[in-house]
Each structure stands twice: as C-alpha cells, then as structure tokens.
Amino acid sequence: MCGTAMFPAGPPWSRVRVLQVLWALLAVLLASWRLWAIKDFQECTWQVVLNEFKRVGESGVSDSFFEQEPVDTVSSLFHMLVDSPLNPSEKYLGFPYYLKINYSCEEKPSEDLVRMGHLTGLKPLVLVTFQSPVNFYRWKIEQLQIQMEAAPFRSKEPCMAEEVCSMSWYTPMPIKNGSVVMRVDVSSNGLGSFIPDKRFQMNINGFLKRDQDNNIQFTVGEKLFDLMPRYFVGVSSRPLWHTVDQSPVLILGGIPNEKYVLMTDTSFKDFSLVELSIDSCWVGSFYCPHSGFTATIYDTIATESTLFIRQNQLVYYFTGTYTTLYERNRGSGSWVRVLASECIKKLCPVYFHSNGSEYIMALTMGKHEGYVYFGTIRDGQVSFEMLPRKWSVCEQIGASDDLELLYHIPEFIPEARGLEFLMILGTESYTSTAMAPKGIFCNPYNNLIFIWGNFLLQSSNKENFIYLADFPKELSIKYMARSFRGAVAIVTETEEIWYLLEGSYRVYQLFPSKGWQVHISLQLMQQSSLYASNETMLTLFYEDSKLYQLVYLMNNQKGQLVKRLMPVEQLLMYQQHTSRYDLERKGGYLMLSFINFCPFSVMRLRSLPRPQRYTRQERYRARPPRVLERSGFHNENSLAIYQGLVYYLLWLHSVYDKPYADPVHDPTWRWWENNKQDQDYYFFLASNWRSSGGVSVEMDSYEKIYNLESAYELPERIFLDKGTEYSFAIFLSAQGHTFRTQTELGAAFQLHSQVDVGVVLADPACIEASVKQEVMINRNSVLFSITLKDKKLCYDQGISGHHLMKTSMTVNVVGSSGLCFQETHRGPRMQGNLMVPVFIGCPPGKRLAFDITYTVEYSRLKNKHYFDCVHVNPEMPCFLFRDSVCPVPSPAQFTALLPPPLCALPPHSSPRRLPTLFPAASHFPPSRSSASRAKLISSSGLNPLQPHSFLPLLLDSRFGDRRLRQFPGQSVCTSVPGSYVLLVVGGGPTMDSLKDYSEDEIYRFNSPLDKTNSLIWTTRTTRTTKDSAFHIMSHESPGIEWLCLENAPCYDSVPQGIFAPEFFFKVLVSNRGVDTSTYCNYQLTFLLHIHGLPLSPKRALFIVMVSASVFVGLVIFYIAFCLLWPLVVKGCTMIRWKINDIIASESYYTYASISGISSMPSLRHSRMGSMFSSRMTEDRAEPKEAVERQLMT
C-alpha cells in the first residue's frame, strides 16, 4: 500500500461536463478552481536568514556568509556543565553563524504566527546537506547530511508582555571542510500550521571581506545600490553558466556598456549589483579586429572557487578566498588577465567537473582561429593549454586522424511533411532554408547530443540524428537551459521559450502562448508581486530540476528584480485543455467535454529499497539541549552549547576515518562510552531541574541515522558497485478499460494491458534492466517490477568515489510525455517520465575496517578461551600465538592460525591515498631485481597506525551494514565473494621499535617462493598471483599459520622480562588486481599484537643449559656446604682460641711489669716451670671442651 507521504492523485478527467461556455472562459475557471483548491496549502512559507553569532535575537538583520573559521566562544560554557555526560577536557568550538527561521502567511503578521506556532508545538526541522568537493585528491568524497531541530528564542527587543512579544527559531549553521555549497531544507514536525517544505541555498561567498571599519565589501569590485531600469529594460537575456551543483557564487553579466554584473550566493533569492574593478582596456590589431569598444561583460562563468569573465577580447579570472577548500593565500587580490596575446571571441563552460578539476574553454579568432584554449581549475589555480597542439581544427579536418568527425551537418533543413520528427538518412528531401548551427550540447548522463541553431537535432549514439520538426525553422535558438534530469528549456533570439523532454520528439511553446496569457492574467488579477504587464527576462535556468526565470518588473515606474518559478506544468495543462475538447449537442444544449490523453489515472512507486545503501547518504541527528525553563525558550548560553555540540558531532564524524572499528560501529560511541551507564542519573537531574548550567544534554539526541526510509520517489542519484542490483515497482491505474486478451494456438489464455512502460538505458553495454508486468484486472491496474543491474564490464578497480562513470536509467510510460499531471499541495507535477542518474564504480564511503569485538568473540568461541596480554589494552587486544581462531584443524606445535582471512563488507574511504603496493596484474617474481620491485612497493610511505583491532572484517560502518552468515551452533564472519592479498610489511617487538621492511624483505617474509627460510606466515590456500609470488586469500580460505622461520624478524624474539615474547606485526591487506567481485580498490594497513611467541631451539637450549648449570651448581654448593661446614667451624674455633691466647699473654706481661723489676730474676725459673706445667694441662683439656661445644650447637 502507498504510505501517507505519497502525494494524492488528482481527479481523473475522463469526461468532465459543464454548461455551454466559451472554451477560454472555461479554461480560466478551471485554472482558478485549481488555485482555490490548493490555496490552503500555499498560503504559508518558511523564511530563513543568516545571523552572526553576536547578532542572535536582533530583528530585521541578515548577514552574509563569508566567515569560514570556527569560533572559540563556547568552550568556557562547557566547563560549567560539571554534572553532564560531556567531557570538560575536550575542546568544543562553534560556528560563526546561526540560521534564523520564521514563517509567514498571507495577510497575517509574522510575529503572531510564529508565537502561535510555538504555543501549538510547532518546531522547524532543518536538514543541511553538504555538497561533495571537486578535488577528491585533497578531500574525501562523501554524501553528508545533518538534521537539526530548531530552538525557540525570544527577541532582544523591549517587550511589555510577561512572556514574549516576538520570537524566532534558531539552529547552528554548520561548516564542513571541503564543502562550500550547502542546501538547507526546512520542514515542520507535523504540529501547528501546515507549512510546505522549502529549500534554501546557503553557500559560502569567498568574494567578500571586511574593511578597516568592519564593513563588508566585495573583493571583485564595488557594490551598487541603484538598479536603474536602463540596465535591464529591453536587454536581451543571456545564459547562466556555472559548474553544476558546485558553484557557491553565481555571476551574470550582459548589462549594456557597463562593467556591471549580478552576483548571488543564494541562487538569486537575493543578489548584488557589482561594478568590477578591471582595467577595461581594448587592444585591437590586424589579427584581432573589432568593430568597436564596449564595457559590457559578455561571458561569465562561475566555478567552485573562481569567476571568469570576458570583456571584448579580454579574459579575466578572480579566485575567491575559501579556507575550507585550500590554503588561505590562494585568494586573488585583483582580477587576473589571462591569454593576453590571444583574441578570444567566446568563453564556453564545462558543466561537470572531472578528475578532481573543473574546466572551461576559450574560443579564439584572428591568427589562432580554429584553436581552443582548454582551461583547468584546481584548488583556485588556473592554467590554459592550446588544443590541438600542432594544427588548428580547420587544418586537421580531413587531413589528420587525430580528430574524430562527429557528424556532417546537412546544408539545408529537411522537409518534415507534417511529421513530428524525421530520421536523417541522407535520402530525405530538403527545404531551401540553410542550416545555421550555433551550438552543441551533450548530457553526460543519458548521452543525448543536441545540435542547435535555426533547427534542433537530437542523437543518442553520435551517429544517427533525428530532426525535431516541431521547432519552427523561422526561429533561431540563442541558448538552452538544461536540468540534466530529462528536461530542456530553449530560448530563441526573439526571447521565446520552448520546452522539450529529452528522448521525446514533441517541442512545446511556453512563451508566448495562450496558456501563458491565461496564467499571467490570473496572476495580475491576484496582484501577485512576481508578475507585471511590463517585464524583461534576464536569464532562464534550472535549479533542483525546476525551471526559474530572473525577471525585471516595471510597476508604476518602479523597477524590481525577482526570481520566479516558470509554471511549466500549468502551461502544458492549459495547452492540453484548450486544444483538445469537443462540443456535443445534448438536447437543446451544447455540452463541452475534455478528453484526457494520459494513459493512466494514478501512478505510484512501490517496493522502494532503503536509500542509504544506494545513495551513500550519511545523516546525523542533533537536537538542542534541554533548557530548564518553564517557557521552554533558549538563551544565548544554551544556543552556544548547541553550537558546540553540533561542531563536536561533525568533528567525530571527520576523525572516524580509521582502519579499526569500535565495539559499536558509530562515530558517536566514543563520545558517550564512559557515561552511558549513568544515563538514568543524568535524566534524574534534568527531571528535577538540578542540571548545572541551566541545560541538560541528552546522549540520545546526538546520533547517526542508519534506517532512513524511502520518500516514495526515486533517489536523486544511485551508485552501483560491481554486479549490484536496484529494484523498485511502478503501480499504474489505467484510464477506462485498457485490457485486452490474446490467445495463441497451444498457449493459455493471456491478459494484456495497453498501458506500457519503457526503460531506456544510456549505456546498455554497462547496465541492464528487466521489467516484469503483473496485471490486476480487479483494480484496473498494472504493476511493473523493474530491476537495474550492473553488468560488470565497464569499470576497473578504483578508489572509493573516484572517477565514477556517469550513466542513467529513464523510465517512460508510453504516451505520457507532456500529457500526464498530478495535483499536489505544491501544485501540478508532471508524471510518466522518471530519470535516475547512475554512477558506476566504487561508491563513496566504502573502506576496510577491523572489528575488535567480533574478533575477540570469535577467538573465544573457537578456542574455548581467550588469553589477553598481561598488560591489557582495550584498544588493542592480544592474541595468543598457538591459538586457533579459524575453523580449520590446529597445526603443529609453534604454529597458529589467523581468523578467516577477510570478512568482506563495504565501509568508507581513507582521507589520503595510500601508496601503491600492488601492480594491476601481477606482483614481484623472484627474478625481479630489487630496483624494479622498489617501483612497486614503497615501504617508506607506510606510516605506523594506531592499533585498534585485529580481524580484517570488511564492514559498511557508515551505513550500519554488517553481514554475518549463520552456521549451526556458531556465527562465522563472511563476506561478499572477493579476493585479496595479505602481506606483513613491518613489525617490531615493541611499539617504539616498529620499522617498515624493505621491498626485498617484504618479498622474503611473505612469498611462498622464498628459499631463504625467512617466511613469517604461510597458508594452505593454493591460489596465488600469476607469477606465484604471493598467496591470494578469500572468504573461503582456511586462514594463515604463523611460522617465524629462522631468518624472519619475529624469530628468536627476546622476552622483555619474565613473560613470553610478543611481537607487533604491521599487516597490509589489498585486493588490487586480484579481486573480481567489486570495483573498489581496497588497501589497508593495521597492527597485529601477538604474544606467546616460541623461542628458537638455540636460545631454548642455551636457556636450558644455563638453567641446568645454575641448578647443578646450587646443588653442589649445598652439598659442599654441608660437608665442609664442621671443618670450617673447627678452624674458626682454633683461630678464635689462638687469638684469645695472644690476648692473655699480652695481659700477663703487662701485669708482671707492674709487680716490680727486682723480683724478676728470682722468679724467672719458677715462672717458666709453672707456665710449662699449666700449658700441658690446658692442651689436654681443650679437645674435650671443643667436643662439648660442638654437641651443644
């Protein structure tokens, strides 16, 4: 069933009968009825202006968007939030601008409406979309959005009311590096008044600066405030040239005899008239003739960072100051003149950028006529090259094979003879009117080529051209405005406007026409400010697939320049109803009836897949912090905190480009990982109004959205990887009874519908489409199921988002071109033609990542245990050398297995281009010299990466895509079938000792052909590269086994302490040249921490011998100690007694000398005899005392 978001279908116009009236009056009444029917939906509109940080709350102010640096005015406020989940040590910055949001309705004061909306619960929702940059070599390609909820804020003006007099809603205006073009979509939350969604262009203007008085002025010239009528009235319109979707500032010249241009950074929602500061010199010569000098700026082209103009034969350019794109000093100080020696007659734009650059063309005349100067713009730097390099185009036609002749235009216009179109085969008849070609245009999406002048030729294959006869040969086309989504507007030299749907053959005249007369009459009756009886169109251009006019209006001698929507659908409806009607007599009255030629009454899209996988759109959500105030109004501090939170959210997104995945694959996980368990406590504080700072920050208010639903319409663009399919269905309710039966001999009864759908592919050799029809006769409807698929033929491997191939798919309901419309609350909408640009290649946002959580869980499941390192690092878990972590038999001792090689899924691109490690077809054979291999491997370009995880799980972390295949009893990581090469390119026993291996070492450590006994790892996989230099792994491979052979760097690792040795491996994974399952060229380097490495046999034997020697020595020492200890004790005792004897002898002699010298001779003999007898007695007693002391001890 169709959801509520689908637009309601308009009433079927099979037969509408009214009383007899004139058809013109009926058309007026019909149109006015349609306007009245949708008046309730169109009376209100959003209003958005830009305010500087310091001017929040002021009324009637609007600021220019040129400041690009973040402001440090919010960090002090975050230090007050002491009891919040925020980390006060982090650096919070803010953006220089806010978006101020109001809304207004007809005949009602805006202040009253905004106040009423706030009281009824209305909250604007703001979706900011950042345009990807041109230079993908400097910035990564991504499709980023952030959705914010606007915060109510009271005006600073004095107010007598108790609560509020006037108010507005505010959100931060975020800025992102690499993006200068931003779309702001404002919608309602569904409460309060019904206000249709509205889109605004908020682009950075790099051509503004502040002067000494702090006033804003243009760098390209001087702003003028008087838009005089002579600048615009009666002036011919001119094309608006710029790089599609990339130019932040648009420029329009063509003001007669003045150096004036119109400049805008909001797609002419507002604009400025600027007098350019150029020298206006005129250099004429014999090779550059000019009939006269004029100051008029003829050609103007805007690119992402640079403006180009042509005045007479002179070409100038000016580069803006865009610090978000390149260095600050790249901006120009003045207009720079280029091709000074050439005579330039025309500047031509190149609408799409390519190879990280933008381009323009300058056509020459005079001495170099036939040459083209091809200009290249990258990062604000401009260079020109003359093509062809040797001879001019005129000289090479027919004389050289360097140029290809696209088509030979007939000399005269063919004779159509009443046909809408005519295939030019060379056999048709021609009129006497000569063809006067003026231009050529090619749509890169559908490959349609238009050659135009006083004719219109169309081709889809550059060979067969079709002449569109509806365009009159009496007119001449001046320029064409292209939507690049299937619609083309044509402006003639007489300012007529024609309309064409690409691929069809009908050309419709929009202005002047009867429908236009009816439409402008109704607008003047309603006193619309966008229309006047005297008006001049300045340009016609497309914006978001809608056709707009820039018109100068004259009302009561007052001029006004406005941008208005061209009502294409209404004009075509007027033409249909006023040209196809019948008058039938019913009794005495004539009845007017209209016939609807649309083959269906209802068209709906069904079965649309979730868009993010195909559009690669990343979206974040941010809500304002909760204010602890009864009225719910925010103050300057809470808005500043809102700024800091949005800035930090985008900063987390920018730094999430890393090779390791967090446990929760979301950039915001690290923001709240330490405070998530305290969420109930913070909610308790906020509920009781006890949060510090007067605000409460809710963690769930800042998140990444992964489950966006389809908006019941085809996406703006889709990206297809190799073999990717995109499917949807179209439901059509037929007009009347359009079914028929068809029976064939031997076939069953079949029911066919006359409502048919055609699918047109721009490149059928690259993509294919299948259509299945299901007839629902009970509902008078048909369901067409359409599947678009890449054929795997037209693209080689490439980096994510780089060099994508442009193509498209167009779905047409047969017979509906320009005839089918649907009434919506936004007005009529054309139906029956759907075009989707398709980009073939490696989609943006794909990358390799490694899943820590799954790796640990898988290891624990397989081995029934998990042993981490002694010193645990949650950012980098360890894996045991001998553990088996893949479902294969365990190898022999001292070998281990890695998990199943690469579990391939799709995540996002690296911010820088990693060095080329593998050639496209083969790798390094053993016979190659080191010099030749050095050209293929640049190990010096590999810088150590901060470790995070281990298992090479390929996951689409940006879009929440994680694929697991379930097996009985376990969950095994798997992938889309793919192949890759795994190499160890560096390592070391510690983080500080990591080193990158040379090209010879990489070959020896990883190649199965190595004969030097240097392999670090091996595998049982038999598939290798063409030269058998390296193994080719896949999701079906059994894994790898660690070897660490004798000459490997991990061999014989010395333990750091008493624990087993460990080693850090720097592993590189790449699928370049070996994977045929994807267009993506993946390359990733990560660190792998392994512990429990075995010792070498020599070192182990040495350690055993040393240990045994020490042990034996200790035992021998113990035995010797036990045996020799008594002898040692006895010897010590004898020494002690001898010492005592010596001391006693010395004491005796001292005593004898004191007793007297006279008695010495008489006592000498007796003393000697007594001493001898006592010594004999002590010698006999000493052994006995020694034995007693030994027993006691």
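Keep in mind that this is a model prediction, so the values were computed, not measured. (Residues numbered from 1 in each chain as written. Predicted model: local features only at pLDDT ≥ 70, side-chain atom pairs only at ≥ 80, totals over all residues. Heavy atoms only, no water.)

Undergrad: Give a detailed account of the overall build of the protein chain, specifying residues and quantitative values.
TA: The secondary structure content of the protein chain amounts to 16 helices and 68 strands. In the protein chain, which comprises 1193 residues, the proportion classed as buried is 52%. Look at the contacts in the protein chain between residues 6 or more apart in sequence, and 66% of them connect residues 24 or more apart. Carbon and sulfur atoms make up 55% of the accessible area of the protein chain, which amounts to about 56,500 Å² in all. (Helix = DSSP H or I, 4+ residues; strand = E, 2+ residues; numbered from the N terminus. Buried < 20%, exposed > 50% of the residue type's maximum accessible area, 1.4 Å probe, protein only. Contact = heavy atoms within 4.5 Å. Areas by Shrake-Rupley, 256 points an atom, 1.4 Å probe, with all protein chains shown as cover.)

Undergrad: Give me the lowdown on the packing of aromatic side chains, citing residues and values where you can.
TA: Across all of its chains, the model carries 46 aromatic pairs by this definition. Taken together, a centroid distance of 6.2 Å and an interplanar angle of 85° make the contact between Phe 207 and Tyr 322 edge-to-face. Of this pair, Phe 207 sits in the loop between β9 (198-201) and β10 (208-210) while Tyr 322 sits in the loop between β19 (314-319) and β20 (336-338); the two residues are 115 residues apart in sequence, bridging distant segments of the chain. Each member of the pair, Phe 207 together with Tyr 322, is buried. Taking the centre distance of 5.2 Å and the plane angle of 80° together, the rings of Tyr 231 and Tyr 260 count as edge-to-face. Separated by 29 residues along the polypeptide, Tyr 231 in the loop between β12 (221-224) and β13 (241-242) and Tyr 260 in strand β15 (residues 260-264) bring together distant segments of the chain. Judged by its relative accessible area of 5%, Tyr 231 falls in the buried class. Three or more aromatic residues joined by ring pairs form one cluster here, namely Tyr 351, Phe 352, Phe 441, Tyr 445, Phe 450, Phe 484, Phe 719 and Phe 839. Note that Arg 482 overlies the ring of Phe 441, its terminal NZ or CZ placed 4.1 Å from the centroid. Positioned above the aromatic ring of Phe 731, the side-chain terminus of Arg 606 is 4.3 Å from the ring centre. (Phe/Tyr/Trp six-rings, centres within 6.5 Å; stacked < 30°, edge-to-face > 60°. Lys NZ or Arg CZ within 6 Å of the ring centre and 35° of its normal.)

Undergrad: Which residues make up the nonpolar core, and what values do they have?
TA: Counting 91 residues, the largest nonpolar core has Ile 146, Met 173, Met 263 and Trp 671 as its most contacted members. Looking at this core element by element, the count peaks at 11 residues for helix α9 (residues 636-655). Excluding residues that lie within four positions of it along the chain, Met 263 makes contacts with Phe 207, Phe 218, Val 220, Val 249, Leu 250, Ile 251, Phe 271, Ser 272, Val 274 and Leu 307. The next biggest cluster of nonpolar side chains, apart from the first, holds 73 residues, and it includes Leu 475, Met 480, Val 757 and Val 813. (Core = buried A, V, L, I, M, F, W, Y, C linked by side-chain atoms within 4.5 Å.)

Undergrad: I'd like a description of the sheet that holds strand β48 (residues 725-734), backed by residues and values.
TA: Pairing is antiparallel across the open sheet formed by four strands, whose spatial order is β41-β48-β53-β52. Two strands in the sheet have a free side with no partner beyond their single neighbour: β41 (600-606) and β52 (767-776). If you compare each strand with its neighbour and ignore which way they point, the axes differ by 20° on average. (Pairing = 2+ DSSP bridges. Axes fitted to C-alpha atoms, helices over the stretch in contact; angles between N-to-C directions.)

Undergrad: An account of the state of the cysteines is needed here, citing residue identities and associated values.
TA: Enumeration according to the criterion identifies six disulfides in this entry. Residue pairing for Cys 44: its cysteine sulfur links by disulfide to Cys 105, the two sulfurs lying 1.8 Å apart. When the S-S torsion is 100°, as for the bridge of Cys 44 with Cys 105, the disulfide is right-handed. With Cys 44 in strand β2 (residues 44-52) and Cys 105 in strand β3 (residues 97-105), the pair connects residues that are 61 residues apart, well separated along the chain. Covalent S-S linkage joins Cys 766 and Cys 794, the inter-sulfur distance amounting to 2.0 Å. Disulfide Cys 766 to Cys 794: torsion about the S-S bond roughly -90°, handedness left-handed. With Cys 766 in the loop between β51 (757-761) and β52 and Cys 794 in the loop between β53 (781-790) and β54 (805-813), this pair connects stretches of sequence that are 28 residues apart. (Disulfide = S-S within 2.5 Å.)

Undergrad: Which residues make up the sheet that holds strand β57 (residues 833-840), and what are the values?
TA: Spatially, β47-β57-β54-β51 is the arrangement adopted by the four strands of the open sheet, whose pairing is mixed. On the outer flanks of this sheet lie β47 (718-720) and β51, each paired with one strand and no other. Along the sheet, successive strands turn relative to each other by an average axial angle of 25°, direction set aside. Bridging between β54 and β57 involves eight bridges; their strand directions are antiparallel. Considered in β57, the bridge of Asn 812 is made with Asn 833.

Undergrad: Which residues make up unusual backbone geometry, and what values go with them?
TA: Looking along the chain, the bond that leaves Leu 387 and enters Pro 388 is cis, with omega of -15°. Along the chain, the position of Pro 388 falls in the loop between β24 (381-387) and α5 (393-396). Residues Phe 511 and Pro 512 are joined by a peptide bond in cis, for which omega reads -10°. Within the fold, Pro 512 resides in the loop between β35 (507-511) and α6 (514-525). Of note, Ser 267 is a non-glycine position whose phi angle comes to about 55°, a positive value. In this fold, Ser 267 is placed in the loop between β15 and β16 (272-276). Looking at Ser 267, the relative accessible area reads 10%, which means it is buried. Unusually for a residue other than glycine, Phe 268 sits at a positive phi of about 70°. Following the sequence through the fold, Phe 268 ends up in the loop between β15 and β16. Given the relative accessible area of 2%, Phe 268 is considered buried.

Undergrad: I'd like a description of the packing of α6 against helix α7 (residues 568-579), backed by residues and values.
TA: In the contact formed by α6 and α7, the axes pass within 8 Å of each other and the chain directions differ by 120°. What the angle tells us is that α6 and α7 run oblique. The hand of the α6/α7 crossing is right-handed. Of the residues in α7, those touching α6 at Gly 515, Trp 516, Val 518, His 519 and Leu 522 are Gln 570, Leu 571 and Tyr 574. Residues that form the contact of α6 with α7 fall into these classes: five nonpolar, three polar and no charged. (Parallel < 35°, antiparallel > 145°, perpendicular 65-115°, else oblique. Left-handed = near helix turned anticlockwise from the far one by under 90°. Nonpolar A, V, L, I, M, F, W, Y, C, P; charged D, E, K, R; others polar.)

Undergrad: Hey, could you go over the pattern of salt bridges for me, with residue numbers and the actual values?
TA: This structure, assessed with the given rule, holds 34 salt bridges. Between Glu 149 and Lys 123 there is a salt bridge, with its nearest N and O atoms 3.5 Å apart. A residue pair is termed long-range when its members are at least 10 positions apart, and Glu 149 in strand β5 (residues 143-149) and Lys 123 in the loop between α4 (110-119) and β4 (124-130) qualify at 26 residues. With relative accessibility at 19%, the residue Glu 149 sits in the buried group. For Lys 123, a relative accessible area of 36% puts it in the partly exposed group. Within this structure, Glu 52, Glu 67 and Arg 210 form a network of salt bridges that share partners. (Salt bridge = Lys/Arg side-chain N within 4 Å of Asp/Glu carboxyl O.)

Undergrad: Lay out the environment of Asp 270 in plain terms, naming residues and giving numbers.
TA: Summarising the element assignment, Asp 270 is placed in the loop between β15 and β16. Counting along the chain gives 293 residues from Asp 270 to Lys 563, while the straight-line C-alpha distance between them is 8.9 Å. Residue contacts for Asp 270: discarding those within four places in its chain leaves Thr 264 and Asp 265. Polar side-chain contacts of Asp 270 include one of 2.8 Å to the side chain of Thr 266. (Polar contact = N/O pair within 3.5 Å; in protein donor to acceptor, adjacent residues only side chain to side chain.)

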